[in-house]
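Secondary and tertiary structure notes
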Amino acid sequence: MRSRYTAFATGDRDYLLRTWHPRTRPRRLDPDPERRWVGLAVLETRAGGLFDQTGEVRFQASFRSPGQRGILAECSRFARVDGRWLYVDGDVGGDIES
């Protein structure tokens, strides 16, 4: 999760696409070049341990754009594929499913 946030903050599209599950990965990724990511708070995690195949992370990421400040809140789902954690999808503003 933190590495993907860093990739968004630095504009590393290749890393973002490599760490996106092939089932849900977009063909291309065009982040807003004027959006600056300025903070990440991981609020909650579920599973994602050494022996798990899936995991969830609820977070808030702060951003600034010209004339705007905001927070993206999401519950992201990840799956382990060939030993690597890949982003599957997320619910914006979502809570971890019980």
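Details of the structure are given in the entry above.
This write-up is about the structure you can find in this document. (Residues numbered from 1 in each chain as written. Predicted model: local features only at pLDDT ≥ 70, side-chain atom pairs only at ≥ 80, totals over all residues. Heavy atoms only, no water.)

**A closer look at the overall build of the protein chain**
Rules: Runs of E in the DSSP output that reach at least two residues are strands. Runs of H or I that reach at least four are helices, and both are numbered from the N terminus. Throughout, radius of gyration means the C-alpha value; the globule benchmark is 2.2 Å times the number of residues raised to the power 0.38. Categorising residues by exposure relies on relative accessible area from a 1.4 Å probe, with only protein chains included: less than 20% of the type maximum marks a residue as buried, more than 50% marks it as exposed, and the intermediate range marks it as partly exposed.
A count of helical and extended segments in the protein chain gives two helices and four strands. Reading the helices (α) and strands (β) of the protein chain from amino to carboxyl end gives α-α-β-β-β-β. Over its C-alpha trace the protein chain gives a radius of gyration of 14 Å, about what one expects of a compact globule, namely 13 Å for 98 residues. Counting only C-alpha atoms, the protein chain reaches 45 × 30 × 20 Å along its principal axes. Each of the 98 residues in the protein chain was classed as buried or not, and the buried ones make up 32%.

**Let's talk about the packing of aromatic side chains**
Rules: Centre distance within 6.5 Å is the pairing criterion for rings of Phe, Tyr and Trp, where only the six-membered ring of Trp is used; planes under 30 degrees apart are then read as stacked, over 60 as edge-to-face, and the remainder as tilted.
A full pass over the atoms with the stated rule returns four aromatic pairs. Relative to Phe63, the ring of Trp37 has its centre 5.4 Å away and its plane inclined at 65°; by these criteria the two rings are edge-to-face. With Trp37 in strand E1 (residues 36–47) and Phe63 in strand E2 (residues 54–65), the pair connects residues that are 26 residues apart, well separated along the chain. On the basis of relative accessibility, which here comes to 18%, the residue Trp37 falls in the buried class.

**Quick word on the environment of Thr6**
Structurally, Thr6 can be placed in helix H1 (residues 2–10). Assessed through its relative accessible area of 42%, Thr6 is described here as partly exposed. Residues Thr6 and Phe51, spaced 45 residues apart in sequence, show a C-alpha to C-alpha distance of 25 Å.

**Some remarks on H1**
Note the threshold: Read the arc as the range of directions from the helix axis to the C-beta atoms. Only heavy atoms matter for contacts: two residues are in contact if any of them lie within 4.5 Å across the pair.
Of the positions making up H1, those classed as buried are Arg4, Tyr5 and Ala7. The buried side chains of H1 occupy one side of the element, clustering within an arc of 160° when seen end-on. Facing away from the buried side of H1 by over 90 degrees, the exposed positions are Arg2 and Thr10. Contacts from the buried residues of H1 go to helix H2 (13–18), E1, E2, strand E3 (68–81) and strand E4 (84–92). Where H1 ends, the next residue or the one after it, Gly11, has phi of about 75°, a positive value.

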